[in-house]
Amino acid sequence: MTPDFVARQKGHPALRSPDLAAFQAHCDAHGVAYRADAEAGVPRLFLRDPFGNRLEVVQEGHPSVWAHASH
């Protein structure tokens, strides 16, 4: 680990899940802490990776566009 490493608190990657309820159940079964909400108009979970970085998992169907989408 980098000596001066600081985990991200705001900016974070977001991942899509085809079955967010199954992902949530998997987290529950393995004791992974998360916070669920739907404030952005889509079901999602926030959790931390082993280094403390914030991660977001959203239900597939979120209206965002892939960063490298070719149109």
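Residues numbered from 1 in each chain as written. Predicted model: local features only at pLDDT ≥ 70, side-chain atom pairs only at ≥ 80, totals over all residues. Heavy atoms only, no water.

### Regarding the environment of His 12
Moving on, step 1. In this fold, His 12 is placed in the segment before β1 (14-17).
Moving on, step 2. Using a relative accessible area of 27% as the deciding quantity, one classes His 12 as partly exposed.
Moving on, step 3. Considering only alpha carbons, one finds His 12 and Leu 55, 43 residues apart in sequence, at a separation of 5.8 Å.
Moving on, step 4. The residues touching His 12, leaving out its near neighbours within four places in the chain, are Phe 46, Arg 54, Leu 55 and Glu 56.
Moving on, step 5. Among the polar contacts listed, one links the side chain of His 12 to the side chain of Glu 56, at a separation of 2.7 Å. (Helix = DSSP H or I, 4+ residues; strand = E, 2+ residues; numbered from the N terminus. Buried < 20%, exposed > 50% of the residue type's maximum accessible area, 1.4 Å probe, protein only. Contact = heavy atoms within 4.5 Å. Polar contact = N/O pair within 3.5 Å; in protein donor to acceptor, adjacent residues only side chain to side chain.)

### Points about the environment of Asn 53
Moving on, step 1. With respect to the helices and strands, the residue Asn 53 is situated in the loop between β3 (44-48) and β4 (54-59).
Moving on, step 2. The class of Asn 53 is buried, set by a relative accessible area of 15%.
Moving on, step 3. Sequence separation between Asn 53 and Gly 11 is 42 residues, and the spatial gap between their C-alpha atoms is 9.2 Å.

### Examining the sheet that holds β1
Moving on, step 1. Taken in spatial order, the four strands line up as β1-β4-β3-β2 in an open sheet, and their pairing is mixed. Each having just a single partner strand, β1 and β2 (35-37) make up the two edges of the open sheet. If you compare each strand with its neighbour and ignore which way they point, the axes differ by 25° on average.
Moving on, step 2. Judged from the four bridges that link them, β1 and β4 form a sheet pairing that is parallel. Bridged to Ser 17 within β4 is Gln 59.
Moving on, step 3. Sheet strands in contact with helix α1 (residues 20-29) are β1, β2, β3 and β4, and its direction is about 30° off that of β3. (Pairing = 2+ DSSP bridges. Axes fitted to C-alpha atoms, helices over the stretch in contact; angles between N-to-C directions.)

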